[in-house]
Structures are given as C-alpha cells and as structure tokens.
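Notes for the structure review
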Amino acid sequence: MRSVGASHPQRRSIRSALARLPVAGLVLFTVGAGGCYLSHERGDAPGGGTCRGVEAWRYEDRGSAFSDAIADGSRRHVFGIVERDGHGLWTFGSAGDVQRAGPIGESRAGAILGVDGELLIAGRMRRTWRLERFDPFGAEVSSLELALESEEGGVTALVPAADAGAVFAVGNVSSAGSGQEIFVVRATAAAIEWSRSYGGEHRAEDRPIGAFVDRDGRLVVLAQRWRSGGGGPFRVFAVDPDGDVAWDRLGDVGYARDSTWSFVPLDDGALLVGNPDAGPGADRPARAIRLDRVGSTRWQTDLDVDGSGRQSVVNDALVRGDRFVLVGYSAERTAGMIWGLGADGSLDFERSPEIPAEGTTTSFTQVEPFGDGYLVAGDRQWDGPTSWLFVRTDAEGRPGWVLEPPYDGRAPAPRALVGTRDGEGALAVGTAFPGEGRVRGGLALELTERCD
C-alpha cells in the first residue's frame, strides 16, 4: 500500500488547431481512433522513433462500480461493488479476456488484499465483520468472524504480516467515550490470533489513514484525530506482532478535517502528506512530512505552488530511488500537479503539464512507475463532462505523450492505477456514467506504449 485518501473516464475529442505546444518533450499533435494523443520522441524507441500511449483493451460493466485492482502475473483482478453494495470480482487475462465477473462472497463494504495467490476480503454481514479468503476465480477458501460488531466505521485496510500466512485488519469503531478508536485484528487462515483497540481522546475520533509493516515486523498505523468541530493532529503508532504498543506519537500540527491524505511506507519510516488546518474556509497548501522509524518528524516541506499560499492537494505518492514523486492539484494554477522531492525534502521539480484545449481544468489522482519515468492518471473537466487523462513523463516529471481515451458519457478520474507488463503497461479502473443517464458503470482500461 502506498497511499490513501485518493479517489477517480469520459471523453471529448480535442480537435484543436494546436500543432505544437510550448512544453519540453512534446513535438506533435495527432488524433487517432483510440483517442487523442500527444506523441514524443524517445531515443530508446526502435530506430529512435516516436512513442505514444495506446489502449490495449477496455471493459465496461453497467450497474457496477470499480474501486481497486491487483495485477498478478498474467491476470488482472478488479474489485468493486455490484447492486446493493455487494462485493464484486472481475478477473481478466492480459489481453482483456474475461475469466470471471460478478458477485463474490456475501459481505458488503470493507477492504481487499491479494496475497500468496489468494484474495482476502474484509466485509460486513449485517453488524458482524468477516474475513473471507477466495481463490483467484472467486471460490471461497475460508471465512472467519472478526469479533467486531459495528454499523459505523469498520475495516479500512488489510496488511500482510511479516510472517507468511498472517494478516492484519485495521479500522475504527465507536468507543465508550462517544468517539471512535482504532482497532487491529491479527488473523491467519485458520483463526483470529488477537483483536485489540487503541483508544484516543475522550469525544475524539481516531480514523486510520493507512497502515504497513516495517522492517522490524511491527504494524505501523497512521491516523488522523478529529475533534469536535474541526480537524486535529495526525497520529502514528506501532504495535508488535503480539499487539503491544511499541511507540505512539501525535503530530505537532493540526490538520484540516477535510484533508486529503497520502502516505508512502519506507524502510526507515514513512512520508505522510496532508493539509494543515488554516481555519474555516482558508486555503492551505499540502505539507509533506518525513517520519523516522519511531514516528518522529525528520523534515517537512510545504507544497506552496508559485508561493501563492493557495490550496494544493496531493492524491497519490510513491518513492523511486532517492526521490519522492507526488501528484495532485493546485488551486493557483487550476491544474494537475507533479512534484518531485529529494531525500532531504528539497523540491527537485514542480510541474503542471500544459494540456491543449482552453476552458478546462485538470487534476491528477494516481501515479505509477512506467518505463524509465512515470504514468500519471487523472481527469479533465469540461463544461459538465469529465474525461480520463493519462500523462507519460520522464524521470524528471517532464511530459511526453498524453492519452485521453474516448468515452461517451461522464467519467471522474480513475480510482486505482496498477502497473502491468513489467512496468511497460498500466491498468486503470473506476466508475463512469454512460451517455446522458445517471446509471453508473464500472470501467477498466489497460494501456501501454507503442513506439514507431
């Protein structure tokens, strides 16, 4: 797991008179049957040719909603919901051939994890939460009751433990003090090993942002503490394999209640990104905080675009080598942003790729390694319609090709983006609204790069 708090195709063709854009790396503009493309020269293309993004395949499922995906070798598993919020699983081959589609299990809502060739789902059955294991084609392997009863909160993350076969389920439930507290369950395929809650302040709500297992085998939980009437500090704590608290820290800055959060787990800590609380209605640039292996702050950097002090939001982040790459949105530029931070928090680059067509705004919500650079996914908002948008960048965040797949309807940005084809492809999944209606539909699209 790398990040949380992010969410998000449709299409309107960009039939612009633009033939050349004033952005480094963009050299020509063409419209093809698969969408609108900006191509770029790439020296390692066969014969030093031109590369562009292309659709490998797509799949739509009317009435469902896709929210997550796992790439497992030659298979792609898409997770979502079907009618009345039941769980759904769709399995595809690398060419988009459908191997399984439809409901899975009997629980609703929750979290999903792919591990050791199985799919784990934590979901609610009435008031009881269960941990269900399935094979890649949806046949149930086992089911355990999580000894948790709650109509509010519930499991938000599943994290594999350091020792094979065990998993942590992390979430929040109502506490005796009229607030909410974090709970953690450790389970194997055969049994619940332990279940504990980790309380917060009286009348405060501790809500998990995410969790991961560090190099010492401890579960590190990142959370936000919401107090009555506003936001609060972030909380980060670690528990050992037996559930005992190893350390517990509160951040020294208040964070907005409506903040969008992202995090990157590291061998020696984590990078956490959120929006400091600047008061009701006030703008607040996102802040990146580097935590060490015991939750203390090592450095922090404000993503204040153009020094404007206006709001910026980070929706997704990753680490590659010694660099953090973050994507999101800037209110100052009304455009999607790509930031690069060095290992010490210094700003390496800050870019908002210029996408042709006036009167539109862009926002980026997902980022994945792609070849020697990155693939950034998001959307473009027109006067009403919204369309998926993909930007291929180099290692410094400079844009190469842009792909906007055609879609007849409205499609907010992909909810998930996962790498495929050994880093030379990516699968995007989300929920779209075909035509003029309001009926949703799950949309999955795999894209790759073609060089001439």
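Residues numbered from 1 in each chain as written. Predicted model: local features only at pLDDT ≥ 70, side-chain atom pairs only at ≥ 80, totals over all residues. Heavy atoms only, no water.

**Here we look at the pairing of strand β19 (residues 262-266)**
Put simply, the rule is: Partly exposed residues are those whose accessible area sits between 20% and 50% of the maximum for their type, while under 20% is buried and over 50% is exposed, using a 1.4 Å probe and protein chains only. Strands here mean DSSP runs of E at least two residues long; helices mean DSSP runs of H or I at least four residues long; both are numbered from the N terminus. We call two strands paired when DSSP finds no fewer than two bridges between them.
Of all five residues that make up β19, four are buried, and the element is covered over most of its length. Sheet analysis places β19 next to strand β20 (residues 269-274), joined by five bridges and oriented antiparallel. Paired with V264 across the bridge in β20 is L271. Linkage of β19 to β20, two consecutive antiparallel strands, is achieved through a turn of two residues.

**Quick look at the sheet that holds strand β21 (residues 287-291)**
Which entries qualify depends on this criterion: An axis is simply a line fitted to the C-alpha atoms; with a helix, the fit covers only the stretch in contact. Between two such axes, the angle follows the N-to-C directions and lies from 0 to 180 degrees.
Here we have four strands laid out as an open sheet, ordered β19-β20-β21-β22, and antiparallel in their pairing. With partners counted over all chains shown, the strands left at the sheet margins are β19 and β22 (297-302), one partner each. Averaged over all pairs of adjacent strands, the angle between their axes in this sheet comes to 15 degrees, without regard to strand direction. Looking at chain direction, β21 and β22 are connected through five bridges and run antiparallel. Within β22, the residue paired with R287 across the bridge is D302.

**Considerations on the state of the cysteines**
Selection criterion: Note that a disulfide, as used here, is simply two cysteine sulfur atoms within 2.5 Å.
Tallied over the full model, the rule gives one disulfide. Linked covalently through their sulfurs, C51 and C451 form a disulfide whose S-S length is 2.1 Å. Residues C51 and C451 share a disulfide whose torsion about the S-S bond is about 100 degrees; that sign makes it right-handed. With a gap of 400 residues between them, C51 in strand β3 (residues 50-62) and C451 in strand β34 (residues 441-451) connect regions that are remote in the sequence.

**Regarding the nonpolar core**
Using the following cut-off: To qualify as a nonpolar core, a set must consist of buried Ala, Val, Leu, Ile, Met, Phe, Trp, Tyr and Cys residues joined through side-chain atoms within 4.5 Å.
Grouped together as the largest cluster of nonpolar side chains are 17 residues, with contacts concentrated most on L375, W388, F390, W401, L417 and L447. For this core, the secondary-structure elements that each account for two or more residues are β28 (373-381), β29 (386-393), β30 (399-404), β33 (425-434) and β34.

**Focus on the packing of aromatic side chains**
Rules: We call Phe, Tyr and Trp rings a pair once their centres come within 6.5 Å, taking the six-membered ring for Trp, and we label the pair stacked below 30 degrees between planes, edge-to-face above 60, and tilted otherwise. Here, a charge over a ring is recorded when the distance from Lys NZ or Arg CZ to the ring centre is within 6 Å and its angle to the ring normal is within 35 degrees.
The full count for this structure, using the stated rule, is 11 aromatic pairs. Each ring, one from F234 and one from Y255, has its centre 5.9 Å from the other, and the planes form 65 degrees; the classification is edge-to-face. In this pair, F234 sits in strand β17 (residues 232-239) while Y255 sits in strand β18 (residues 245-255), placing the two residues 21 residues apart along the sequence. Note on F234: relative accessible area 2%, which makes it buried. For Y255, a relative accessible area of 0% translates into the label buried. Their ring planes at 85 degrees and their centres at 6.1 Å tell us that W388 and F390 sit as a pair that is edge-to-face. F390 shares its class with W388; the two are buried. Here the aromatic cluster, defined as three or more aromatic residues joined through ring pairs, consists of W57, Y59 and F92. Here the guanidinium or amino end of R196 rests over the ring plane of W194, the centre of that ring lying 6.0 Å away.

**Describing the sheet that holds strand β23 (residues 312-320)**
An order of β23-β24-β25-β26 is seen for the four strands of this open sheet, with the pairing classed as antiparallel. One side of each edge strand has no neighbouring strand; the edge strands of this open sheet are β23 and β26 (347-351). Direction aside, neighbouring strands of the sheet carry axes that sit 15 degrees apart on average. With seven bridges connecting them, strand β24 (residues 323-330) and strand β25 (residues 335-341) associate as antiparallel partners. What sits directly across from S330, in β25, is A335.

**As for the pairing of β24**
Most of β24 is tucked away, with seven of its eight residues classed as buried. Hairpin connection of β23 to β24: two residues between the antiparallel strands, including G321 at a positive phi of 65 degrees. With antiparallel pairing between neighbouring strands as the criterion, β24 and β25 make up a hairpin whose turn holds four residues, including T334 at a positive phi of roughly 45 degrees.

**Some words on the confidence of the model for the chain**
Selection rule: Each residue carries a pLDDT score, the predictor's confidence in it, ranging from 0 to 100. Two residues form a contact once any of their heavy atoms are found within 4.5 Å.
Looking at the chain as a whole, its pLDDT mean stands at 82, while 83% of the residues score no less than 70. Throughout residues 1-48 the model reports pLDDT below 50, and contacts reaching past four residues in sequence, or to other chains, amount to 162 contacts.

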